[in-house]
Amino acid sequence: MLDLNVFPPNFRWGTATAAYQIEGAAHEDGRGISIWDVFSYTPGNVKKGDSGDVACDHYHRYAEDFKLMKELGMNSYRLSISWPRILPKGRGEINEKGLAFYDRLIDELLKNGIEPYVTLYHWDLPQALQQLGGWANRDTVDAFEEYARIVVNRLGDRVKNWITHNEPWCAAFLGHGAGVHAPGLKDVGVSMQVAHHLLLSHGKAVRVIKEHDSSHKVGITLILGPSHAASDSPEDVAAAARHDAFLNTIYLDPLYGKGYPRVLFDHIPALAPKVQEGDLEIIATETDFLGVNYYQRSIVKHSEQLPFNFDGVRPPGPEFTFFDWEVYPKGLYEVLTRVHQDYAPKEIFITENGATFEDTLTEDGQVHDEQRRFYIERHLKSVQDAISEGVPVNGYFAWSFLDNFEWAEGFEKRFGLVYVDYATQNRHVKDSGKWYSKLVKEALGAV
Ligand SMILES: N=[N+]=NCCCCNC(=O)[C@@H]1[C@H]2[C@H](O)[C@@H](O)[C@H](O)[C@@H](CO)[C@@H]12
């Protein structure tokens, strides 16, 4: 199925994680409280009352984790920095122990010959900033710019690849519209203003990074997926167009200088974000790559449901993950060709792709996860097909290296190529991880 010669010789093969999901040590070495600590500690928000207090204990086990990563043959790794570890109050006093931790982390990665791709924000806003309004408060844009400058100045001699934000759609809508992620607000209008502030802070951070060293590569990671109309009725087609704007072009359009999609905001004018003079120009600051996270497509029909007048329709499957997400590899091809055609990023990285299935650790420490292996193989085939058509995809980061804290699902949902036995913190490479390792070694050996 896969022809590794199609992938460019300098292709980045790796995995992705996020600080709050794997580090643990939530109250160690001066780390401040994040909105996800508060959200997790609030009863009812996270399954089984789980939190990131310990997670994979990566804060203490990163050396063994990177040794394993090297043994598996990967040449890249996407991680995120915990803002509250660096600035416990979000701004002002810097926590040297937090910076020292990431010094050690990056040094250990480089010692193992693994290229770091660093995400500045993967949802763990310092709670002190939330108490001042969080991302709904435009001041947080300046706080993020200050945070970015501190991190880039400290790590920028060793980190050359930066991702400003992870999935602003989740941070904005799941966190402020649906209320199912931190900080747990349910106000669609606020979520749209948050989306604007996240994008604005992205543009500011791009400029900080380029001022530090113009040779550094910087981009943003978006969750993207096709929005298919449930029927060819004009109502359903229009609903799917609104959903495409709601999930995809609300971010893609302003990032690539097209402003906000009218198909959405003509429908909900009262919910449009307040945009100040110059904001759109900052948001559209040139970047070096687009990070694409892909998991599934959406099927959309017209609905009387406000404010968007669209609703989801259960996809036909027949395959679904443990999250009940349809397995639809073709959607990644559709996303990549559409992004290439409509926005033409210089480079694209698949910064997340993976699946959760019910994993069982056998007596002899094995996890036979053929479903996950087959999922990844088919999605890599979609990447291969896009590359064959000239789409400049230069890396694939499987989500995730380790099983980890899966937000509101807690530890029940496992995405790792490596199984984590949380009772012992022992790591066990799953069959999918062994397969991916063999593939990566062949691809890199094939260089
Ligand atoms: N319509 N619609 N679709 C979007 C629905 C959101 C899908 N979830 C994600 O993208 C999150 C992303 C996150 O970066 C990571 O931190 C999470 O662990 C993974 C797995 O959940 C994925």
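These figures come from a predicted structure and were not determined experimentally.

Draft legend 1. Just the overall build of the protein chain, in detail. Looking only at helices and strands, the protein chain features 15 helices and 13 strands. For the protein chain, the C-alpha atoms occupy an extent of roughly 55 × 55 × 45 Å along the three principal directions. Counted over contacts in the protein chain with a minimum sequence separation of 6, partners at least 24 positions apart contribute 76%. Carbon together with sulfur atoms contributes 51% to the accessible area of the protein chain, which is approximately 16400 Å² in total.

Draft legend 2. Local environment of the side chain of Ser51. You can see Ser51 is positioned in the loop between α2 (35–41) and α3 (58–71). The residues touching Ser51, leaving out its near neighbours within four places in the chain, are Tyr20, Ser40, Tyr41, Phe405 and Phe411.

Draft legend 3. Here's a closer look at the site of the ligand. The local shell around the ligand holds 17 residues, among which Gln21, Glu167, Glu352, Glu406 and Trp407 are the closest. Between an oxygen atom of the ligand and a side-chain N or O atom of Glu167, the distance comes to 2.8 Å. Note that an oxygen atom of the ligand is positioned 2.9 Å from one of the side-chain N or O atoms of Trp407. Contact with the protein chains hides 89% of the accessible area of the ligand, taken as 520 Å² for the molecule alone. For the shell around the ligand, the residue count by class is nine nonpolar, five polar and three charged.

Draft legend 4. Looking closely at helix α9 (residues 188–212). Over its 25 residues, α9 extends 36 Å from the first C-alpha to the last, a length consistent with the 36 Å expected when each residue adds 1.5 Å. α9 sits mainly inside the fold: 18 of its 25 residues count as buried. Two to three positions downstream of the cap, the backbone nitrogen of Gly189 sits 2.9 Å from a side-chain oxygen, assigning the N-cap of α9 to Asp187.

Draft legend 5. Focus on the sheet that holds strand β8 (residues 298–302). One open sheet holds the three strands; their spatial order is β6-β8-β9, and the pairing between them is mixed. Pairing within the sheet leaves two strands with one partner each, and these edge strands are β6 (227–229) and β9 (310–312). The sheet shows a mean angle of 45° between the axes of neighbouring strands, direction not considered. As defined by bridge partners, β6 adjoins β8 across three bridges and the pair is classed as parallel. In the strand pairing of β8, Ala229 is matched with Val300. Packed on one face of the sheet, helix α10 (residues 234–255) meets β6, β8 and β9 and runs near 130° to β8.

Draft legend 6. Structural detail: helix α5 (residues 96–111). Spanning 16 residues, α5 covers 22 Å between terminal C-alpha atoms, matching the ideal 22 Å at 1.5 Å per step. Within α5, burial applies to Gly98, Leu99, Phe101, Tyr102, Asp103, Leu105, Ile106, Glu108 and Leu109. The positive-phi residue at the C-terminal boundary of α5 is Gly113, with phi of around 70°.

Draft legend 7. Representation of the pattern of salt bridges within the structure. Tallied over the full model, the rule gives 39 salt bridges. For the salt bridge of Asp288 with Lys210, the shortest nitrogen-to-oxygen distance reads 2.8 Å. On the criterion of sequence distance, the pair formed by Asp288 in the loop between α12 (279–283) and β7 (289–293) and Lys210 in helix α9 is long-range, its members being 78 residues apart. Look at Asp288 and you get buried, because its relative accessible area is 11%. Residue classification places Lys210 among the partly exposed positions, given a relative accessible area of 22%. The closest approach of N and O atoms between Glu370 and Arg373, which form a salt bridge, is 2.8 Å. Of this pair, Glu370 and Arg373 both sit in helix α14 (residues 370–388), three residues apart, roughly one helical turn. If you follow the salt bridges from partner to partner, you end up with Glu96, Asp103, Asp107, Arg154, Asp157 and Arg158 in one network.

Draft legend 8. Spotlight on the packing of aromatic side chains. Applying the stated criterion across every chain, the model contains 44 aromatic pairs. Ring plane angle 65° and centroid distance 4.7 Å describe the contact between Phe101 and Tyr102, whose orientation is recorded as edge-to-face. Exposure remark for Phe101: the relative accessible area of 0% places this residue in the buried category. Assessed through its relative accessible area of 1%, Tyr102 is described here as buried. Between Phe405 and Trp407, the ring centres sit 6.1 Å apart and the planes meet at 75°, which makes this aromatic pair edge-to-face. Exposure class is identical for Phe405 and Trp407. Each is buried. An aromatic cluster of three or more residues is present, and its members are Tyr20, Trp36, Phe39, Trp123, Phe405, Trp407, Phe411 and Tyr422. Over the aromatic face of Phe322 sits the side chain of Lys413, whose NZ or CZ is 4.5 Å from the ring centroid.

Draft legend 9. Region of interest: a nonpolar patch on the surface. The grouping of Ile33, Val38 and Tyr41 at the surface amounts to a nonpolar patch, some 210 Å² of accessible area in total. Structurally, the position occupied by Val38 is in helix α2.

Draft legend 10. The arrangement of the environment of Glu319 in detail. Relative to the helices and strands, Glu319 resides in the loop between β9 and α13 (330–342). The class for Glu319 is partly exposed, based on a relative accessible area of 32%. Between the C-alpha atoms of Glu319 and Gln305, which are 14 residues apart in sequence, the distance is 28 Å. Once residues lying within four places of it in the same chain are set aside, the contact partners of Glu319 are Trp325, Glu326, Val327 and Arg378. Within the local environment of Glu319, its side chain forms a polar contact with the side chain of Arg378, the two groups lying 2.6 Å apart.

Draft legend 11. A look at the sheet that holds strand β1 (residues 12–16). Spatially, the eight strands close up into a barrel ordered β1-β2-β3-β4-β5-β7-β10-β11, and their pairing is parallel. The average angle at which neighbouring strand axes cross in this sheet is 25°, direction not considered. By the bridge criterion, four bridges tie strand β4 (residues 161–166) to strand β5 (residues 217–223) in an arrangement that is parallel. By the bridge assignment for β5, Asn166 is matched with Thr221. In the packing of helix α15 (residues 431–445) onto the sheet, the strands contacted are β1 and β11 (393–399), and the crossing angle to β1 comes to about 155°.

Quick notes on the rules
Residue indices begin from 1 for each chain and proceed along its sequence in written order. With the structure being a predicted model, the display of local features is reserved for residues of pLDDT at least 70 and the display and counting of side-chain atom pairs for 80 or more, all residues being used for whole-chain, interface and lining totals. As a convention, hydrogens and water are excluded, and side-chain values are obtained from all of the structure's heavy atoms. We count a stretch as a helix when DSSP gives it H or I for four or more residues in a row; a strand needs E for two or more, and each element gets its number in order from the N terminus. When checking whether two residues touch, look at their non-hydrogen atoms; a contact exists if any pair is within 4.5 Å. Exposure was quantified through the Shrake-Rupley algorithm and a 1.4 Å probe, taking into account, for residues, occlusion by the shown protein chains and nothing else. Here a residue is considered near a molecule or strand provided that any single heavy atom belonging to it is located within 4 Å of it. In the analysis that follows, any N or O atom pair within 3.5 Å is treated as a polar contact, provided that within protein one partner can donate a hydrogen and the other can accept it, and provided that, for residues neighboring in sequence, both atoms belong to side chains. For this scheme, ten residues count as nonpolar: Ala, Val, Leu, Ile, Met, Phe, Trp, Tyr, Cys and Pro. Four count as charged, namely Asp, Glu, Lys and Arg, and the remainder, Gly too, count as polar. Expected span of a helix: the number of residues minus one, times 1.5 Å. Residue exposure (1.4 Å probe, protein chains only): buried if accessible area is under 20% of the type maximum, exposed if over 50%, otherwise partly exposed. A strand pair is defined by DSSP finding two or more bridges across the two strands. Here an angle of 0 to 180 degrees is reported between the N-to-C directions of two axes, which are lines fitted to C-alpha atoms, with helices fitted over the stretch in contact. Salt bridge, as applied in this entry: a Lys or Arg side-chain nitrogen positioned within 4 Å of an Asp or Glu carboxyl oxygen. The pairing test for Phe, Tyr and Trp rings, Trp by its six-membered ring, is centres within 6.5 Å, and the orientation test on the planes gives stacked under 30 degrees, edge-to-face over 60, and tilted for anything in between. Remark: a charge is flagged as sitting over a ring if the NZ atom of Lys or the CZ atom of Arg is within 6 Å of the ring centre and within 35 degrees of the ring normal. A patch consists of residues exposed above 30% relative accessible area that lack any salt bridge, with like charges linked at up to 9 Å and nonpolar side chains (Val, Leu, Ile, Met, Phe, Trp, Tyr) linked at up to 5 Å.

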